[in-house]
Structure formats: C-alpha cells, structure tokens
Amino acid sequence: MSADDKMFVQEKRLDRMCYPGILIRGLLIGSVLLLMTAVIGGCASQGASVGYKQQSKPRPSVKRPGGTYRVRKGDSLYSIAWRAGLDYQTVARWNNLRSPYTIYPGQIIRLSPPKLSRKPHVAAEKTPKRTTPPPASNKKPVLKTRPKNAPKPVVKSTKTRKAPPVSSGKLQWRWPTKGKILSRYSSADASRSGIKIAGKPGQKVLAAEAGEVVYVGSGLIGYGQLIIIKHNNKYLSAYGHNSNLLVKEGDVVKRGQHISNMGITNQGKALLYFEVRRYGKPVDPLAYLPRG
C-alpha cells in the first residue's frame, strides 16, 4: 500500500470518529436555538397582549368632591350661591339657615338637596278617656271688671315676623352707567352671563334698582371688585370691575345711587360688568333695562 493510500485510510478513520461529536453538537445548538426562539416569541406575544389590555381599559375618572362647600373668610351665603349658580333661598333651606343667613369660616355648606331619611312610623299612644268627672270646686269664679276709660291691653304676638322684601312691587330698572356695549349676554356661554359696558376709569357706577347690598369683595374670580345687590326675593344684580367701593354689606341703596367707580380689567380696559339674576339664574340684562 502506498503512502497516499495509508493517509487516505487514516483520514477516513478520523472522520468516522469525529462525526458523532459533530452531530451531537449540531443537535445541541439546534435545540438551544429552538428554545430561545420559543422564549422570545412567548415574551413578545405576552408583551403584546399586556399592551392591548392596557389600551382597552380606560383610566378611571377622578371623582371630584361635589355637593358641599367649605366657607372661607369673606364668603357670604349670597356669594356662595352666586358662584354655584343657585338661588340663595334654596341654599339656605338646604342648610336650615334663616335670615340674615350668618355663616362662619370652616362651616360646610350643602349645595345639593339633602337626602330624605325614612323614619319608621310609630303609632301614637291613645290617652285613656276619663270615666269619672273631675271633682267640682266650691269656689265661685271671680269676675274681673275693667274700669271705664282704661286703656286696652297690648297683646304681643308670639309669631316671628319676617322682614318684608326690599321691593315688593314691579322693579323699574335703570342703566348702571353710560357707555357702549362691548359684550352681550349669551345663555350658551357661561363667560357671558351679563353685559360689558365700556367707559372711562373712575366713571360713576349707579345702582340699577333700589335694594340691599348683600356682598362686597373680590372673592369671586373673574369679577374683580364686585358688588351684589338684592332687590327682592327674586332678583339680584351684580356690578364687577370697580375701582372705588362706596357701599358695604348691609347698606340699603336707592335706585340711581352712586355705589362705586369704574375700574380697569386685567387686560387694561375700563368697563363695567353688569349682571342680573332671577332665582339665582343669569338672565339677559337688556331684557330689563330701558331702551335708548
């Protein structure tokens, strides 16, 4: 056998010896690759399903506390009801408040009707009837006679009298100031619940009708220095963006009385914001003010 033949035989033997090892390594590598593919595919599918679940479930809405208000310094029942768009008499009734509707800082004011509590009906006990008449008295009744020309006795009523409204008749509105109307009332826009009247800084602002001043201050955002006048149990009027307040809470003003001076808004415009509310709801002031 030649040298080349011997070398060929040796190579064949080596190939036979190495083939099982190569085959085993190939199988192991293939198994590892299959396992990694399955794991990666499973993670990818799981991640996709988790992401889909998160998108399909909307975030829960944050429930804002409603129905109550904590009184702050400077608040009044009228300003709270005005801010909530409610009738002050309704708010007073929900909170068992009586005129003059005194409230205190920290007090919780209900802005929704209280729930009616159903109490079990308890039958009233009947009082037994008397079977024997009461013993007769031997004393004769003493008749008191009033001398002639004596003054009649004054009988005091135990009923509490309610203060009459400021105006029980028909209101006669007048313009609170002179000027061009910059913005009109719109029932569809909450920012246009009244009218804006242009003027000059320091221009006189007059009471549109007689009434009682029930709020003076700047606690209501968007009104600046605000004055609210109660005309009767139905109507209120408001005067916003004042520069000089000439009245205070509790003052009774006449129709056309000088109550403040026109101020300047944050935008640098001199104007008066005028609003009329009927039972706590804004109405168009132009429907009440005289034309011309």
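Relevant structure appears above.
Note that the structure is predicted; figures quoted are calculated from it, not measured.

Calculation rules
- Think of each chain on its own: its residues are numbered from 1, step by step along the sequence as written.
- Given that this is a predicted model, residues contribute local features only at a pLDDT of at least 70 and side-chain atom pairs are listed and counted only at 80 or more, while totals for whole chains, interfaces and linings are drawn from all residues.
- Computation of side-chain values covers all heavy atoms of the structure but excludes hydrogens and water.
- For the purposes of this entry, the term helix denotes a DSSP run of H or I that reaches at least four residues, the term strand denotes a run of E that reaches at least two, and both are numbered from the N terminus.
- Accessibility here uses a 1.4 Å probe with only protein chains present; expressed as a share of the type maximum, an area under 20% marks a residue as buried, one over 50% as exposed, and anything in between as partly exposed.
- Here a residue-residue contact requires only that any non-hydrogen atoms of the pair lie within 4.5 Å.
- To measure how exposed things are, a 1.4 Å probe is used in the Shrake-Rupley method; for residues, cover is taken only from the protein chains shown.
- Only the six-membered ring of Trp is used, alongside the rings of Phe and Tyr, when aromatic pairs are assigned; centres must lie within 6.5 Å, and planes under 30 degrees apart are stacked while those over 60 apart are edge-to-face, with the rest tilted.
- Criterion for a charge above a ring: Lys NZ or Arg CZ within 6 Å of the ring centre, and within 35 degrees of the ring normal.
- Salt bridge criterion: a side-chain nitrogen from Lys or Arg within 4 Å of a carboxyl oxygen from Asp or Glu.

As a further point, take the overall build of the protein chain. The secondary structure content of the protein chain amounts to three helices and 13 strands. Per-residue burial for the protein chain yields a buried fraction of 28% across its 292 residues. Sequence-distant contacts in the protein chain: of pairs separated by 6 or more residues, those separated by 24 or more amount to 61%. Total accessible area on the protein chain is roughly 22800 Å²; 56% of this is exposed by carbon and sulfur atoms.

Here the focus is unusual backbone geometry. Across the junction of S99 and P100, the peptide omega takes the value 15 degrees, indicating a cis bond. Inspection of the secondary structure assignment puts P100 in the loop between α3 (88–94) and β2 (108–110). One non-glycine residue with positive phi stands out, namely N96, at about 55 degrees. By secondary structure assignment, the location of N96 is in the loop between α3 and β2.

Think of a pair of aromatic rings as described by two things: how far the centres are apart, and how the planes are tilted against each other in angle. According to the stated counting rule, one finds eight aromatic pairs in the structure shown. Where Y239 meets F274, the ring centres are 5.3 Å apart and the plane angle is 55 degrees; that geometry is what we call tilted. In this pair, Y239 sits in strand β8 (residues 235–240) while F274 sits in strand β12 (residues 270–278), placing the two residues 35 residues apart along the sequence. A single burial state applies to Y239 and to F274, both of which are buried. Here the aromatic cluster, defined as three or more aromatic residues joined through ring pairs, consists of Y78, Y88 and Y101. Over the aromatic face of W82 sits the side chain of R277, whose NZ or CZ is 4.0 Å from the ring centroid.

Throughout the structure, instances matching the rule amount to three salt bridges. Residue R83 pairs with D75 through a salt bridge whose shortest N-O separation is 3.8 Å. By relative accessible area, which is 16% here, D75 ends up buried.

Take helix α2 (residues 77–84) next. An α-helical turn contains 3.6 residues, so a residue and the one three or four places further along point in the same direction. Most of α2 sits out of view: six of its eight residues are buried. Where α2 is concerned, the buried positions are L77, Y78, S79, I80, A81 and W82. Just downstream of α2, G85 is the residue with a positive phi angle, here 70 degrees.

So far we have only geometry, and geometry alone does not tell us how the molecule works.
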